[in-house]
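# Close look at the chain arrangement
Next come the chains, spelled out residue by residue.
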Amino acid sequence: MKDEELYFWNGPLPETQAPSPAPAPEPWGETKVVGKPVVRIDAYDRVSGSATYPSDVILPDMLHAAILSCPHAHALVKTVDTSAAEKMPGVKAILKDGVVGTNIPWFSGRGGFTSRLFDPHCRYEGDEVAVVAADSIYQAWDAVRAIKVEYDVRPQVTSVADALKPGAPAVRDGGNAIPPGQPYARGDVEAGFKAADVVLEHTFTTPFELQNAMELHGCVAKWDGPRLTIWESTQGVYGVQGGAARALDIPLANIRVIGHYMGGGFGAKLSHGKYTVMAALLAKKTGRPVRLFLSREQVCLSMGNRPGNTITLKAGVKKDGTLVALQSKTVGSGGAYSDGGTGSVDFVIRELYACPNVRCENQSVYINAGPERPFRAPGHPQGAWALEIMLDALAAKIGMDPIALRLKNITLVSQTRNGNPPYTSTGFSDCLKNGAEAFGWAQARARTPAPSHIKRGVGVAGGIWQGGGGSPPSTAIVKLFADGSANLNMGASDIGTGTKTWGVQIVAEELGVPMDRISVEHADTGTTQFATPSGGSKTVPTESPAIRSAALDVKQQLFAMAAEQLKLPAADLELRGAEVVSKTDATKKVGLGQIQAFGRRGLLVGIGYRVPNPPGKVTNPFGAQFAEVEVNTKTGEIKVVRFLAAHDSGRIMNAKMFQNQVSGGITMGIGFGLTEDRVMDRAQLGKLLTVNLHDYKMPTALDAPADKTVLVVDPRDNAFSNTGAKGVGEPATIPTAPAIANAVFHATGLRLTDAPMSPARVLTAIAGQKPAPAGQKGRE
Amino acid sequence: MDHENKDKPAAAAGGVSRRGFITSVGSGAIGVAAAGALVHGAPPQAQAEAVKAGDVSTVTLTVNGRRQKMLVEARWSLLYVLRDHLGLTGTKVGCERGECGACTVLIDGQARYACMTLAVEADGHEITTVEGLMTGEELGPTQRAFAEEDAFQCGYCTPGQVMAAESLLRANPSPDLDQIRQGMAGNICRCGTYAHIFKAVAKAADLKRQGR
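Residues numbered from 1 in each chain as written. Chains lettered and ligands numbered in written order. Predicted model: local features only at pLDDT ≥ 70, side-chain atom pairs only at ≥ 80, totals over all residues.

### A few points about the interface of chain A and chain B
Taken together, the contact pairs 49 residues of chain A with 47 residues of chain B. Secondary-structure elements contributing two or more residues to the side of chain A that touches chain B are α1 (43–48), α3 (137–146) and α17 (655–675) of chain A. Examining the composition of the side of chain A that touches chain B, we find that eight residues originate from one element, α17(A), more than from any other. Classifying every residue of the side of chain A that touches chain B gives 23 nonpolar, 18 polar and eight charged. (Contact = placed C-beta atoms within 7 Å. Helix = DSSP H or I, 4+ residues; strand = E, 2+ residues; numbered from the N terminus. Nonpolar A, V, L, I, M, F, W, Y, C, P; charged D, E, K, R; others polar.)

### Points about the sheet that holds strand β22 (residues 573–576) of chain A
All names here are of chain A. A sheet is described by the order of its strands in space; here three strands give the open sequence β22-β23-β24, paired in antiparallel fashion. The open sheet has two edge strands, β22 and β24 (589–591), and neither has a second partner. Each neighbouring strand pair of the sheet contributes to a mean axis angle of 20°, computed without reference to strand direction. Packing of helix α15 (residues 539–566) onto the sheet brings it into contact with β22, β23 (579–582) and β24, and relative to β22 it is tilted by some 110°. (Pairing = 2+ DSSP bridges. Axes fitted to C-alpha atoms, helices over the stretch in contact; angles between N-to-C directions.)

### Digging into the confidence of the model for chain A
Residue and element names in this part refer to chain A. Chain-level pLDDT for chain A is 94 on average; 95% of the residues reach the 70-or-more range. Counting interchain partners and residues more than four positions distant, the pLDDT-below-50 stretch residues 6–10 has three contacts. Across residues 775–780, where pLDDT falls below 50, the model places 21 contacts with residues more than four positions away in sequence or in other chains. (pLDDT = per-residue confidence, 0-100.)

### As for unusual backbone geometry
Residues and elements named next belong to chain A. Here the residue pair P472 and P473 is connected by a cis peptide bond, since its omega of 0° sits within 30 degrees of zero. You can see P473 is positioned in the loop between β18 (454–464) and β19 (475–481). A cis geometry characterises the amide bond from A755 onward to P756, with omega recorded as 0°. Among the structural elements, P756 can be located in the loop between α18 (736–748) and α19 (759–766).

### Section: the domain arrangement of chain B
Buried accessible area, meaning the area lost when the parts come together, often serves as the stated size of an interface. Residues and elements named next belong to chain B. Considered domain by domain, chain B is made up of domain 1 (3–127) and domain 2 (134–207). Listed per partner, the contact involves 14 residues of domain 1 and 12 residues of domain 2. Every element with two or more residues in the side of domain 1 that touches domain 2 is listed here: β3 (104–107) and β4 (110–113). The element that contributes the greatest number of residues to the side of domain 1 that touches domain 2 is β3, accounting for three residues. Taken together, the residues that form the side of domain 1 that touches domain 2 break down as six nonpolar, seven polar and one charged. (Domains from an automatic or database assignment.)

### Quick notes on the sheet that holds strand β17 (residues 357–365) of chain A
Residue and element names in this part refer to chain A. The five strands lie next to each other as β9-β17-β16-β15-β10, forming an open sheet whose pairing is mixed. The outermost strands of the open sheet, each flanked by one partner alone, are β9 (184–186) and β10 (198–205). The mean angle between the axes of side-by-side strands here comes to 5°, regardless of whether they run parallel or antiparallel. Sheet topology note: the β9/β17 ladder contains three bridges and is antiparallel. Residue pairing in the sheet places Y184 in a bridge with C360 of β17. Running at roughly 145° to β10, helix α10 (residues 380–398) makes contact with β10, β15 (309–317) and β16 (323–333) of the sheet.

### Re the domain arrangement of chain A
All names here are of chain A. For chain A, the assigned domains are domain 1 (17–51 + 470–609), domain 2 (54–154 + 212–302) and domain 3 (309–468 + 616–766). Inter-centroid distance (C-alpha atoms) of domain 2 to domain 3 is 36 Å. Of the residues lining the interface, 21 residues belong to domain 2; the matching set on domain 3 comes to 25 residues. Mapped onto the side of domain 2 that touches domain 3, the elements with two or more residues apiece are β5 (113–116) and α8 (296–302). Considering every element that reaches the side of domain 2 that touches domain 3, the biggest residue donor is α8, with five residues.

### As for α19(A)
Residue and element names in this part refer to chain A. When α19 is considered as a whole, its buried residues turn out to be R761, V762 and A765. Across the axial projection of α19, the buried residues extend over an arc of 100°, all falling on one side. Of the surrounding secondary structure, the elements contacted by the buried residues of α19 are β26 (622–632) and β27 (638–648). Looking one or two residues beyond α19, the residue adopting positive phi is G768, at roughly 90°. (Buried ≥ 20, exposed ≤ 12 C-beta atoms within 10 Å, placed from the backbone. Arc of directions from axis to C-beta.)

### Quick word on the nonpolar core
All names here are of chain A. Core analysis: the biggest nonpolar cluster contains 291 residues, and A65, V132, L282, V507 and V744 have the highest contact counts within it. With 12 residues, α15 is the largest single contributor of residues to this core. With residues near it in sequence (within four places) discarded, L282 still touches L63, A65, A93, L95, V131, A133 and V290. (Core = buried A, V, L, I, M, F, W, Y, C linked by C-beta atoms within 7 Å.)

### Brief notes about the pairing of strand β3 (residues 91–96) of chain A
Residues and elements named next belong to chain A. For β3, a buried count of six out of six residues is recorded, marking the element as mostly surrounded by other parts of the structure. Two elements, β3 and strand β7 (residues 128–134), share five bridges in a ladder whose sense is antiparallel. What sits directly across from V91, in β7, is A134.

In structure tokens:
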């Protein structure tokens, strides 16, 4: 008896799988499953209530925690008296500055060490002061309210303009103005303006926006000896694992982060939060699992924002529409800790249109407000707001159609990257042309307005997203079971974009296995492969090639086994249900259960890696959006009547989900353009006034048009990956607001440059006055 | 399911009367209004025995057809009781102040925010959560329509959206687009899937009319 036979007496002996080389597949032609409008594989879970989100996790003996936030915009914590709180019913642990184990350095954004877990220097309203764990959440909040804190309240500054004034209160050592990097420059901007027939200059402002995903930020933490498990509402389990390991100084291997479902992120949940570390510390201290989720108010205060910007844009154009010069100056703030207040704002300005002379300057400042976190296409909607309204104004000035002006300045190369590499594909001109035709642009522009106080108009805007081409690292695994069913194993989170569903579609496409015979294991650092967080519109372009490669790997192994048994070349074989069949002679086939080598193996494991995109080229998604609006000139209300979006995101994975995601991006863009605005009490206490979902107005069912059309422009880009799929999540929200603004101009002749275009601003503009700029400048 | 309070002494008579008083404020009352009325209209001795945290009283909630007798604190929201005591986590937490609609449930067939409803207010009433729309493992027609029309992305607001739609369709079996908008106006979807939600509600109306 061989040694192995001691353990395996039932069936053939197992073999260890040898690694196989990564196949280099042909591009897809027409597909059977990929791209089709199939219903999500987890739709049942999400509509039945059975999907367990991190905030739904209930563990035996679990404690509930709540955070005490600083109520002041700027204060030093002098004393924190927890003596009364500690004696309250149900209270099990309180952490604050000075408690052993809490002196943990904190790193904000891409910068280095900036503060501590409980930093006595509170630089914005919402900074964490203490945290309580109790038997019930009511008891935890009771105790939070019973903690007595003595603050030394300091002068505060919450507007960008105020922060730059001489003598402004200093948010951080070293002053509020963050030393800007070198301005971006190409060509000679002054010469460009001299050569131009028309030069226009406008100052644009954009609102600070709050991500406000529906599920609150938070997690559940549980220790098993040295091993920590965290269920967190996150866009990336590996990001949370890394952040928690660094803060807690424990091995990555001992932290398992699970994020099977999550209720939205929009960039704000790309990494862990202080709450992650606090929950883990409380769970350690009490020996019990701890659930810690922030309140909605705390999310508004401290869980990120899209920086508001003031962008002064000067543009020069020739009479024939040739763009000759662009110059932008942007100021903004990422709050008290982030230096990213103007991050990526100028990318759209310098990249989207062919223009030989460009100069962009950026000035970011610190203010006493919550730190920014990435928000769906960081910087891009702001840049597009300025550039795309400017294009509309230039077109009007030279008497050219706005689409014709854009088509005149299409570029096939990236002007901002070193060496001006070509795009692997750009469908931008097709987005404009096909979109215009489907929208009925020419007819709508030619319409004679009816005499009414309700004015109707149409507008267009374009966009590009800096990311969206995907990159390593990513590893995916596809397992094939003996009955022909399969499992997809990947680390990526499904943040509502249908990641699991299109992953399964790819496996079904390649293996020929029906989708209902494919299961998914994902977003779990304990059981799935490394993946970067789902953000940057890169989940499809990054993960889809790895998934396809994994499926091809498993297929190659299977066909090699079947070919040997059938005495046929592997290239002649295909998988049909649970049989491997000859493509040329359907009578030659073998059931999976009859492939002896497969039987000995028990399970086939295919591994796919994301290989780099080719050098010397860049990949970006493009889009053009068309809005039709009604402007009520008596009330100042803008109603978005219909919308058409034409997007080049390469090959799409699922027509239904693609349409939904673009439609959702438009809704979010409507918020940017019409309703959303973080307002601070700038002149007095520096407190956040829009601290809930009533005062911070996100679009509702009354604000979003029912009439939305989504047009797919697929240039069949096979140059950068084996799936040819670019991203769409962020591109979908970049051109929306300027398209609305341009439609408002077409309807009324009002050139609005401040977002959101509130009824008050519209009426002010109608009255012939420049409306008050966004929150960072005004609101006294 | 009321295991944690089962062995504690029953609430004092005063507790019951306080509960009765709050309930009598009316099913439309929210917490603040109830508290205001308590101070305003109650006799002096009732004011003297203010409800304290930790004081419990007995309520009977009929949740998805099942009667649940339990001890609750006067301040507990129905949302908290559903999720943390009955384990019905299909009903979601979004704001806890009646703004987002993620916690929408049916009380006697009408959409209500569970976060703005005290458990004691719900005493004696019929509550339906998203789990209660199922027949065994089968989705109800409104749930099916949301799934087929892809009327969600992250899905966190979805149970609330489904319950709002269910309430709308029970009151109005054939709503037009404007009526659908109005019926769904109390539920925020940050993923912005409203256009798909409108289609799903119309489809759910069709499915219900066909008795499917």
